[in-house]
Amino acid sequence: MAALHLARDAALAKLHADLPVLAEVGHLFDAAGFEVDLVGGSVRDAILDRDVVDLDFATDARPEQMLPLLRGWADAVWDVGARFGTVGAQKADLKLEFTTYRTDVYDPESRKPEVAYGGDLLSDLGRRDFTVNAMAVRLSDGAFIDPYDGLLDLAVKRLRTPGSAYHSFSDDPLRMMRAARFVSQLGMSVDPEAVDAMANMAERLDVISAERVRDELVKLIMAPTPRPGLQLLVDTGLCQRFLPELPALSLEIDEHHRHKDVYEHTLTVLDQAIALETSHTPVIAPDFVLRFAALMHDVGKPRTRRLEPGGGVSFHHHEIVGAKITRKRMRALRFDTRTTDEVCQLVALHLRFHGYGGGEWTDSAVRRYARDAGDQLVRLHKLTRADSTTRNRRKAAALQRTYDGLEARIAELAEAEELAAVRPDLDGNQIMQILGIGPGREVGQAYNYLLEVRLEHGPMEPEQAREVLLTWWEQQGSGSAGR
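This report concerns the structure included in the present document. As the structure is a computational prediction, the values presented were derived from the model and not from experiment.

### What about helix H22 (residues 428-435)?
Right, on to step 1. If you check which residues of H22 are buried, you get Ile431, Met432, Ile434 and Leu435. Projected down its long axis, H22 carries its buried residues within an arc of 165 degrees, all on one side. Facing away from the buried side of H22 by more than 90 degrees, the exposed set consists of Asn429 and Gln433.
Right, on to step 2. The inward-facing, buried residues of H22 abut helix H23 (441-457) and helix H24 (462-475).
Right, on to step 3. Where H22 starts, the residue carrying a side-chain oxygen 3.1 Å from the main-chain nitrogen of Asn429 turns out to be Asp427.
Right, on to step 4. Gly436 lies just past H22 and shows a positive phi near 70 degrees.

Rendered as structure tokens:
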């Protein structure tokens, strides 16, 4: 314990040295006769030597007392959370949040907390989600306050609630999802009592708004290792409440991966997609769209599963069905339209590569592949590679060589033809001028025809494109207009 305390003291000393704003806040509130403490994730992350970006404070000052105090000191102040006891402030590039000591109690049928102000820091810490977030530093004298042994739990990577897990999760059911997130984010294990409470109280998650559930899910997916957190959600039945498509995969056997069910295959694809963010060029930052597409890419299989003569199993068009299922689920979780479209496009296209075989595609087929992927091409490359989970090393190596070959062909065509921006060789104005027609449906039909010709044969000279257009126009029964 002595070594643990020394490490804690060193971490907090570094925190104070790196963030002189803490001393300023302490002096500000102390001069006004109020207590103020750094609390929660800020203390936890400082001890873990993680970046501390947003600072959370607890105080005995009420919002109406904090506002005039902060407005004379901070660069900006906002009071949108004042009715819940919270005031926000901006100081230089730091965001600070000040909350009056409180206890939150959720009505069993409500989605929002009923706020009751507490009288002191200890009662405030007792209502927090986990012991590792129930530590505080008193800014007036630097005292470390840890009434629930959060420091020890942090050292042994154990996630416990300060009091009864059942009571804590009943007060705020989203804490059950947060437990799964901390498993993936901090590499912690959940105390058995808390796991038991999660399994027995999963339906309580239904009172939480879709937006709050979505935000917690995104944080989990964006954690360094989402897999163990997702497994905890599935094992406790929580996932069934907001993402039932994931546990449903455990019932299906993948015809290409007979050694694992589709659920295990999916988690492996997610792991591999995350690894490919940085191991396969171009390198990208941690990417929710890629990760969620990996998680959802096979959700159409349960609905398309068919037993074939001879004992085989097929999942025809599961990528199309899966894209529709994914869109419906993302809408239910209130994802924005752009993110939803990008994920669904990847799900719909994730099998397209398998028609490539050993490289038999024509240049026109390669162009179509790149055109259909559009600005999702980099993600599609990574998702397609991640979807190979075979244990056969020779087969895996052959697939990787084929992927390399397709990407090389796309790059060559792109360099020669600006493939990412493929357009017909004539634009709408030129089409109307050559055919002698005005705006209308025929212009769009001609444009699409020329686009197909471009994809099939590559770029043409203007005169050649004019002749192709006129030949098509005659075949439409429109005579020799424009000659």
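### Focus on the pattern of salt bridges
Right, on to step 1. One pass over the structure, following the stated rule, counts 35 salt bridges.
Right, on to step 2. A salt bridge links Arg409 to Asp363, with the shortest nitrogen-to-oxygen separation between them at 2.9 Å. One end of the pair, Arg409, is in helix H21 (residues 393-417); the other, Asp363, is in helix H19 (residues 363-373), and 46 residues separate them in sequence.
Right, on to step 3. A salt bridge links Arg371 to Glu452; the nearest nitrogen and oxygen atoms lie 3.7 Å apart. Here the residue Arg371 occupies a position in helix H19, and Glu452 occupies one in helix H23, the gap between them amounting to 81 residues.

### Description of the sheet that holds strand S9 (residues 144-145)
In a beta sheet, neighbouring strands are held together by backbone hydrogen bonds and run either parallel or antiparallel to one another.
Right, on to step 1. Reading across the sheet, the 7 strands line up as S3-S4-S5-S2-S1-S8-S9 and stay open at both edges, with mixed pairing between neighbours. The sheet is open, and its two borders are formed by strand S3 (76-78) and S9, each paired with just one other strand.
Right, on to step 2. Of the pairings in the sheet, the one linking strand S2 (residues 54-59) to strand S5 (residues 94-100) comprises 6 bridges and is parallel in character. Of the residues in S5, the one forming a bridge with Ala58 is Thr99.

### So, the packing of helix H11 (residues 226-236) against helix H14 (residues 262-279)
Right, on to step 1. Following both chains from N to C, one finds H11 and H14 inclined at 155 degrees, their axes separated by 10 Å at the closest point. On the basis of the axis angle, H11 is roughly antiparallel to H14. The chirality of how H11 crosses H14 is right-handed. Two secondary-structure elements touch here, H11 through Pro226, Arg227, Leu230, Gln231 and Val234 and H14 through Tyr263, Glu264, Leu267, Thr268, Leu270, Asp271 and Ile274.
Right, on to step 2. Across the contact of H11 with H14, the residue classes tally to 7 nonpolar, 2 polar and 3 charged.

What counts and what doesn't
Residues numbered from 1 in each chain as written. Predicted model: local features only at pLDDT ≥ 70, side-chain atom pairs only at ≥ 80, totals over all residues. Heavy atoms only, no water. Buried < 20%, exposed > 50% of the residue type's maximum accessible area, 1.4 Å probe, protein only. Helix = DSSP H or I, 4+ residues; strand = E, 2+ residues; numbered from the N terminus. Arc of directions from axis to C-beta. Contact = heavy atoms within 4.5 Å. Polar contact = N/O pair within 3.5 Å; in protein donor to acceptor, adjacent residues only side chain to side chain. Salt bridge = Lys/Arg side-chain N within 4 Å of Asp/Glu carboxyl O. Pairing = 2+ DSSP bridges. Axes fitted to C-alpha atoms, helices over the stretch in contact; angles between N-to-C directions. Parallel < 35°, antiparallel > 145°, perpendicular 65-115°, else oblique. Left-handed = near helix turned anticlockwise from the far one by under 90°. Nonpolar A, V, L, I, M, F, W, Y, C, P; charged D, E, K, R; others polar.

Read these as spatial facts, not as claims about activity.
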